[in-house]
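# An overview of the molecular structure
Chain residues, written in single-letter form:
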Amino acid sequence: MKIFIDVNHPAHVHFFKNFIWEMEKRGHEFFISSRDKEIALHLLESYGFKYFNRGAGYSGLLGKGLGMLEMDAKLYRVAKKFNPDLFLGLHNTYIAHLGKLLRKPSITFTDTEHARLANLLTFPFTDSIVTPECFLNDLGAKQVRYRGLHELAYLHPKRYTPNPRIIENQGISPKEKFFILRFVFWGASHDIGQHGLSINDKRQLIKELGSHGHVFITSESRLPKEFENLRISIRPEEIHDFLHYANMYIGEGGTMATEAALLGTPSIYFSSLVGTMGNFIELEEKGLVHSFSDFRNMMDKIVSLLNDGHSKRVWSEKRSQFLKDKVDVTAFMTWFVEEYPESFQIMKNDPSYQKRFI
């Protein structure tokens, strides 16, 4: 089978990497196109993937709208030459359009309910939509749900083992505490009208955490000079190891908040989007993520966790319990794509079939 995948965000590289490796072992062929966003190209190269660089994309609602037509045309030319049997994407508008234009099936994975514009431009054109069970919206006949989260495609215990050398390389002793902060750019179409931490919030947060241990920052955008010395200086592909051993994650990044929780690290998510996504509602119910849109309430929880010497152990136990009924997402994806479209009908008729991937 020939499969075309488009990458629109660095996290999508992680989502697809194990699936691609598994499918290549089975003799399937891939064409990967990628947006030049943050570290996406670096990750593709570090994992040994060949790719087509489709450019940096567009900013602003008008720019994104006009740019979509240009990008559809650019990707149409390379996709037609590759002549795939199937298109795959993670809430990706282009793969849905390409599938329709080339009369080939497309599968869209998504966990982002609030990406209303992108979903409106994607769902009518894609053939199948695959979501976690906790996804809040009923998308009708095209939707199937799996028992897991996107991040378990690369952080499931069968797919990921942490490397303790990351701590040594950063000069942190086993007895020292360290915390990871994540600041986002708020430039995506689904971020319009949303917000995170103010500059004063960040200062107060850094001061409080700094009195308890090392503070490291990862940021989508340029940091103010006063924070630049706190930027993480690790290779992007090492971030999950760093998250695993951190004492706490606090940030505006939803993906990283989920990653921290699934790695057994106390996770604090701050955003005006709190309560709009099923994956965070589920993680909150299980006590793996604490979500806030009020800074003072968030700081009260952080101080409470800082004064609790057992939070890291407690999170690890909650994580183990959470994973007991979750599928190995890569194994599920491999079966679903390889047996598609029969797999779609199996999932519609008998969702319990997926238990074999737990």
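Residues numbered from 1 in each chain as written. Predicted model: local features only at pLDDT ≥ 70, side-chain atom pairs only at ≥ 80, totals over all residues. Heavy atoms only, no water.

## A few points about the pattern of salt bridges
According to the stated counting rule, one finds 14 salt bridges in the structure shown. In this structure, Arg26 engages Glu22 in a salt bridge whose closest nitrogen and oxygen atoms are separated by 3.6 Å. The closest approach of N and O atoms between Glu282 and Lys326, which form a salt bridge, is 2.7 Å. Highlighted residues: Glu282 in helix H12 (residues 278-285) and Lys326 in the loop between helix H14 (311-323) and helix H15 (329-338), separated in sequence by 44 residues. Of the two residues, Glu282 and Lys326, both sit in the buried class. (Salt bridge = Lys/Arg side-chain N within 4 Å of Asp/Glu carboxyl O. Helix = DSSP H or I, 4+ residues; strand = E, 2+ residues; numbered from the N terminus. Buried < 20%, exposed > 50% of the residue type's maximum accessible area, 1.4 Å probe, protein only.)

## A short note on the packing of aromatic side chains
Counted by the stated rule, this structure contains 23 aromatic pairs. Ring geometry for Trp335 against Phe357: centres 5.5 Å apart, planes inclined by 40°, an arrangement best described as tilted. Placement of the pair is Trp335 in helix H15 and Phe357 in the segment after helix H16 (342-349), with a sequence separation of 22 residues. You'll find Trp335 and Phe357 in the same group, each marked buried. (Phe/Tyr/Trp six-rings, centres within 6.5 Å; stacked < 30°, edge-to-face > 60°.)

## Brief notes about the pairing of strand E1 (residues 2-7)
When you tally the buried positions in E1, you get 5 out of 6 residues, the bulk of the element. Pairing analysis gives 6 bridges linking E1 to strand E2 (residues 29-34), with the strands arranged parallel. In the sheet register, Ile5 faces E2, and the bridge partner there is Ile32. As for the winding sense of the linkage, the β-α-β connection from E1 through helix H1 (residues 10-25) to E2 is right-handed. (Pairing = 2+ DSSP bridges. Right-handed = clockwise from strand over helix to strand, strands pointing away.)

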